[in-house]
Amino acid sequence: AHTLRPSALSRGAVAKAVQDALGSEPAMEFTDAVAAATGGNPFLLGELLRVARGRDLAPVAESIGSLTEMTPEGVSRSLLLRLDSLGSDAKKLAVAVAVLGSDPDRAYAPALAGLDPEAAASCADDLADVRILAPGTELVAAHPLVRQAIYGALSPGERGQAHERAARLLHERAAAAEAVAAHLLEVPPAAAEWVVARLREAAHRATSRGAPARAVEFLRRAMAEPPPEPARAAVARELAEQQAVAGDPAAVDGFRHALELETGPSTRTELALALGRLLFIQTRLHEQRELLLAATEECPDGDHESRLQLAAQILAVDRMLPGDPPPLPARLRFDPDQLAGDTPGERALLVGLALEAVQLARPTDRAVELARRTLGDGRLLSEEGAASATYLNALLVLTLADELETLDTWIERAEDHARRSGDLAGHAAALAFGTNAAFRRGEIGEAVEQAREALAAATARELPVLIGVAITYALEALVEAGNLAEADALLSGTGMAGELPEIFHFAAILARRGRLRVAQGRTEEGLDDLLDAGGRLVRGRSTNPSFARWRSDAARTLAALGRREEAQELATEELELARATGQPSSIGIALRAVAAAGPPSEAFEPLADAVEVLGESPDRFQEAQALADLGAALRAAGQPTEAREPLRRALEFAVRSGAEPLADRTREELAAAGARPRRVALSGPESLTPSEMRCARMAASGMSNREIAQSLFVTVRAVEMHLTSAYRKLEIGSRRELAEALSRSSEES
């Protein structure tokens, strides 16, 4: 007799069998999954498809997960009969292989089965002969369905005991902690300290490799054991911390549970602070304040750092809530002049006080001094990172206070830190604030590109605060670049097109949305958004115009609607507040609003003052807007010759910066003034897009394409495309010519 061993069915044959059994042509991925699950064995394939048909399973990619759960009765009966015929040792080995799975740990199967190497080898040969194990030296099931059938035949009790034996065996053989814990997940809870210890070890390992979701799985199981009383609070805290990192909504309840279990005052304060930060992110501000006040009563007098942290958090909550907040408890009051910014608590409180000063439209000198003390010599960045709340708030203070030169320095340091550490969140933070800095300098095209990158990076890491910052600055840049459709799509895609929560930081987005609606011609909608944003800011005690400039935007909109009395009231109020801060950009913007709101015949003086004061500010974009306003006012007053110079200056700026709406407006005004607008052509370095310029500068400095890609968090292919385009625009042929080409000045045609 000759034994015939047919080869496995081909992929096409499997697809035909699936179509015949399930009634429709299968997806490629589904066919591949079925072939892998059955190894192309006709018997296994038939049994699998019989069960799939009984469950009305569709042959689509989404059904693949269900395949591994199927253990056809025919397969089970056949396998168990074959196993019984081979004897108890072979059955023990097959069960050990099924329990250990297909991991490298299956090499421990003989030991788990209690067999010596010689007996195990003999049993393995027997199991391979009947197609339960795959032929060869590795101990692995012949097919995934075979392993599932053997495993499924075990009772829950047998399964748990087998996994416990496997865990202990792997631990004794110094296997990876996560491999040990994977078996303990299948063991019923029994209040065993050894189990808790191994699960915590595995959770720490998962945490160290950046897998918080896996750590949560191990720690949940550890809490179910449960841990011994002395360790229970610590395990609950570890679980809550990893839930927070993983973005698990259950983290809030996890921290509350840890607080219930913990009795040490200092540790309870630490837990309250961690829970407070989580509640702040979820904008559950009233809950947070109540929690922090209770923690203040418990905090030990000698725990200076925790009291600083509590004070900083409560101050942050009070900035967000409407109305005048109650005073801080006496034990949370500190003299800021006595805080050097050496600890996280000192830095958090200093920057909180700086933000409060800016928010209340006080002179910005004090706020800037506090922000600089917070940033120190770079210790904040190195210890807490560029995406920390303290660092972000320090950058916000510098932004609102017109300190763009200092802001640029710290953005560059944040980018450098993010590149060196691979910190995508820090990269997103640098891009987000860089968007606003570029916009204020008048680099509108650069601002738009950075805004897109910032939003992509923040979304990839699911960072709500940075997503909000990126949306705010992206809307502003997109509107002034004339990309109204993209700005509208951004609002819809992020859920910001409808009702927004009554929370302080949504006011800035609402104000930018109002500006977009006005630019779209939806004037009444835009005005409603601007006034709604203003109401929220007033209720939140934010009077500094730099936060949203809603008064000046609303004043111009009201004036366009003929409601000049309301417009003048808002514009005058903004000018008074801007002068209280001493910020040139705020004063200049308010003067533009005063000119727009008042009678046209009285517009020249405030506009001339706006041009002068904005010339002393770092805000080149607003200076160009004021020049365009002044030129338009002169032209409307019958002074076309005088109007041309400011209009030409505004047009040149608009073209070079990428501010299309401003360019269109100034061209129309110049034509109305009898001038033929010169065409401003860009050549040389100024013809490069922001991304092309960044890549070209890095390449000129000697960085390779791979190094550039890693620094900018993009692909090598993207760098190659940008450099190729840059070479073409600069009319050069190689990287060696970049440095000289980038130093050329563009000429007007």
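Keep in mind the model is a prediction, meaning the values are calculated, not measured.

Enquirer: Before we go on, may I ask you to explain the overall build of the protein in this structure?
Expert: Assigned secondary structure in the protein consists of 40 helices and zero strands. With the C-alpha coordinates of the protein rotated into their principal frame, the extents come out at 110 × 65 × 50 Å. Counting all 749 residues of the protein, 51% fall into the buried class. Surface accessibility of the protein: about 33600 Å² in total, with carbon and sulfur atoms responsible for 51%. Charge separation in the protein, taken as the distance between the mean sites of 83 positive and 110 negative side-chain charges, equals 3 Å.

Enquirer: Sorry if this is basic, but what is going on with the nonpolar core here?
Expert: What tends to happen in soluble globular proteins is that the nonpolar side chains get buried as a cluster. The biggest cluster of nonpolar side chains holds 174 residues, and the ones touching the most others in it are L184, L199, L349, Y391, I471 and L662. Among all residues touching Y391, those that are not within four sequence positions of it are L375, L380, L381, G385, A386, W410 and A414. Core analysis: the second largest hydrophobic core is formed by 31 residues, L93, A96, V97 and L133 among them.

Enquirer: Explanation requested: the pattern of salt bridges in the structure shown.
Expert: Between side chains of opposite charge, pairing is possible as soon as their charged atoms come close. Following the criterion strictly, the structure yields 49 salt bridges and no others. Between R366 and E369 there is a salt bridge, and its shortest N-O distance comes to 3.1 Å. Taken as a pair, R366 and E369 lie in helix α20 (residues 364–375) at a separation of three residues, close to a single helical turn. The exposure class of E369 is partly exposed, given its relative accessible area of 33%. Here E443 and R441 are joined by a salt bridge, their closest N and O atoms 3.3 Å apart. Salt bridges sharing common partners tie together E476, R512, R515, D553 and R556.

Enquirer: How should the environment of S306 be read in this particular structure?
Expert: Among the secondary structure elements, S306 is positioned in helix α18 (residues 304–320). The sequence separation of S306 and L537 amounts to 231 residues, and the corresponding C-alpha distance is 30 Å.

Enquirer: Got a minute to help me understand helix α24 (residues 424–441) in this structure?
Expert: Residues that lie three or four places apart on an α-helix share one face, since the helix turns once every 3.6 residues. Helix length check: α24, at 18 residues, gives a terminal C-alpha distance of 25 Å against a target of 26 Å (1.5 Å per residue), a fit within 8%. G442 occupies a position one or two residues after α24 and carries a positive phi of about 95°.

Rules of the game
- Residues numbered from 1 in each chain as written.
- Predicted model: local features only at pLDDT ≥ 70, side-chain atom pairs only at ≥ 80, totals over all residues.
- Heavy atoms only, no water.
- Helix = DSSP H or I, 4+ residues; strand = E, 2+ residues; numbered from the N terminus.
- Buried < 20%, exposed > 50% of the residue type's maximum accessible area, 1.4 Å probe, protein only.
- Areas by Shrake-Rupley, 256 points an atom, 1.4 Å probe, with all protein chains shown as cover.
- Lys, Arg positive; Asp, Glu negative; His and termini not counted.
- Charge placed at Lys NZ, Arg CZ, Asp CG, Glu CD.
- Core = buried A, V, L, I, M, F, W, Y, C linked by side-chain atoms within 4.5 Å.
- Contact = heavy atoms within 4.5 Å.
- Salt bridge = Lys/Arg side-chain N within 4 Å of Asp/Glu carboxyl O.
- Expected span 1.5 Å × (residues − 1).

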